Amino acid sequence: MDLFRHRRASLVGLPALVLLIAATGCSSADDNAPAAVPSPGAKAAKLCRNLDKSLPRKVDGLDREDPEPRSALTAGWGSPAIILRCGVSRPAKMVDPKVADGSDPDAIGGGVNGVGWLMEEMDGGVTRFTSAQRRVYVEVTVPSGRDTSAVLVDLAGAIKKTIPLGIAD
């Protein structure tokens, strides 16, 4: 009969263990979104570090909460996070003739406050912007439901100040 007593104790303890694991897994101790850190050359990395120092504390009303792993090449705001990555590679769509002539429904070019951007619609309603005609490519991903124009307006000043006009290497 001791066998049943141990099983009953185990079964009673199992829901408590599941609840504890679920609570731990949902902990908000580290809500920072992950972001892949680019690996640009030395000149681009220096420009990106300068950009990092000039980025605003708030974007679209959201506080800065940098993603993991921490790097001067990445920044984030809010949750779900608006993510900026500096020193990314040129996106293939940037040289796609369909985008240039306006016949690609998922990618268009344009500018906001003196910074040119390639806009791409991604899965899940995420919008990705990559700066154009600057010495370093800066990528900004904006989660679904956010006002993308406000994000780009908030970031334009820092980009204009720290990333010179030109063509990225």
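Preceding this paragraph is the structure being described.
Below: a short report on this structure. (Residues numbered from 1 in each chain as written. Predicted model: local features only at pLDDT ≥ 70, side-chain atom pairs only at ≥ 80, totals over all residues. Heavy atoms only, no water.)

**Some points on the packing of helix α2 (residues 42-54) against helix α4 (residues 148-162)**
So, point 1. Axis separation between α2 and α4 bottoms out at 9 Å; the angle between their running directions is 140 degrees. One finds that α2 runs oblique with respect to α4. As α2 runs across α4, the sense of the crossing is right-handed. Across the interface between the two elements, Leu47, Asn50, Leu51 and Ser54 of α2 pack against Ala158, Ile159, Lys161 and Thr162 of α4.
So, point 2. Residues that form the contact of α2 with α4 fall into these classes: four nonpolar, three polar and one charged. (Axes fitted to C-alpha atoms, helices over the stretch in contact; angles between N-to-C directions. Helix = DSSP H or I, 4+ residues; strand = E, 2+ residues; numbered from the N terminus. Parallel < 35°, antiparallel > 145°, perpendicular 65-115°, else oblique. Left-handed = near helix turned anticlockwise from the far one by under 90°. Contact = heavy atoms within 4.5 Å. Nonpolar A, V, L, I, M, F, W, Y, C, P; charged D, E, K, R; others polar.)

**Digging into the pattern of salt bridges**
So, point 1. Within the structure shown, the criterion is met by eight salt bridges.
So, point 2. Close ionic contact of Arg64 with Asp66 constitutes a salt bridge, the shortest N to O distance being 2.7 Å. Each member of the pair Arg64 and Asp66 is classed as buried.
So, point 3. Between Arg70 and Glu68 there is a salt bridge; the shortest N-O distance is 3.5 Å.
So, point 4. Glu68 gets classed as partly exposed once you look at its relative accessible area, which sits at 29%. (Salt bridge = Lys/Arg side-chain N within 4 Å of Asp/Glu carboxyl O. Buried < 20%, exposed > 50% of the residue type's maximum accessible area, 1.4 Å probe, protein only.)

**Let's talk about the environment of Arg90**
So, point 1. On the secondary structure map, Arg90 appears in the loop between β4 (82-86) and α3 (97-100).
So, point 2. For the pair Arg90 and Val138, spaced 48 residues apart in sequence, the C-alpha separation works out to 9.3 Å.

**Here's the deal with the side chain of Glu120**
So, point 1. Turning to its location among the elements, Glu120 is positioned in strand β6 (residues 115-121).
So, point 2. Looking at Glu120, the relative accessible area reads 6%, which means it is buried.

**Things to note about α2**
Counting along an α-helix, one turn takes 3.6 residues, and residues three or four places apart therefore face a common direction.
So, point 1. End to end, α2 covers 19 Å across 13 residues, agreeing with the expected 18 Å (1.5 Å per residue, within 8%).
So, point 2. Residues of α2 that are buried include every one of Ala44, Ala45, Leu47, Cys48, Leu51 and Asp52, and no others. For α2, the buried positions fall inside an angular range of 160 degrees around the axis, keeping them on one side. Relative to its buried face, α2 has exposed residues pointing more than 90 degrees away, namely Ala42, Lys43, Lys46 and Lys53.
So, point 3. As for α2, its buried residues are in contact with β3 (74-77), β4, β8 (138-142) and α4. (Expected span 1.5 Å × (residues − 1). Arc of directions from axis to C-beta.)

**Thoughts on the nonpolar core**
So, point 1. Membership of the largest hydrophobic core comes to 28 residues, with the highest contact counts inside it found for Leu51, Trp77, Leu84, Val140 and Leu155.
So, point 2. Those elements that place two or more of their residues in this core are α2, β3, β4, β6, β8 and α4.
So, point 3. At six residues, the largest contribution of residues to this core is made by α4.
So, point 4. Leaving out residues up to four positions away in the same chain, Trp77 has contacts with Leu55, Pro56, Arg57, Lys58, Val59, Leu62, Asp63, Arg64, Glu65, Ile82, Leu84 and Leu155. (Core = buried A, V, L, I, M, F, W, Y, C linked by side-chain atoms within 4.5 Å.)

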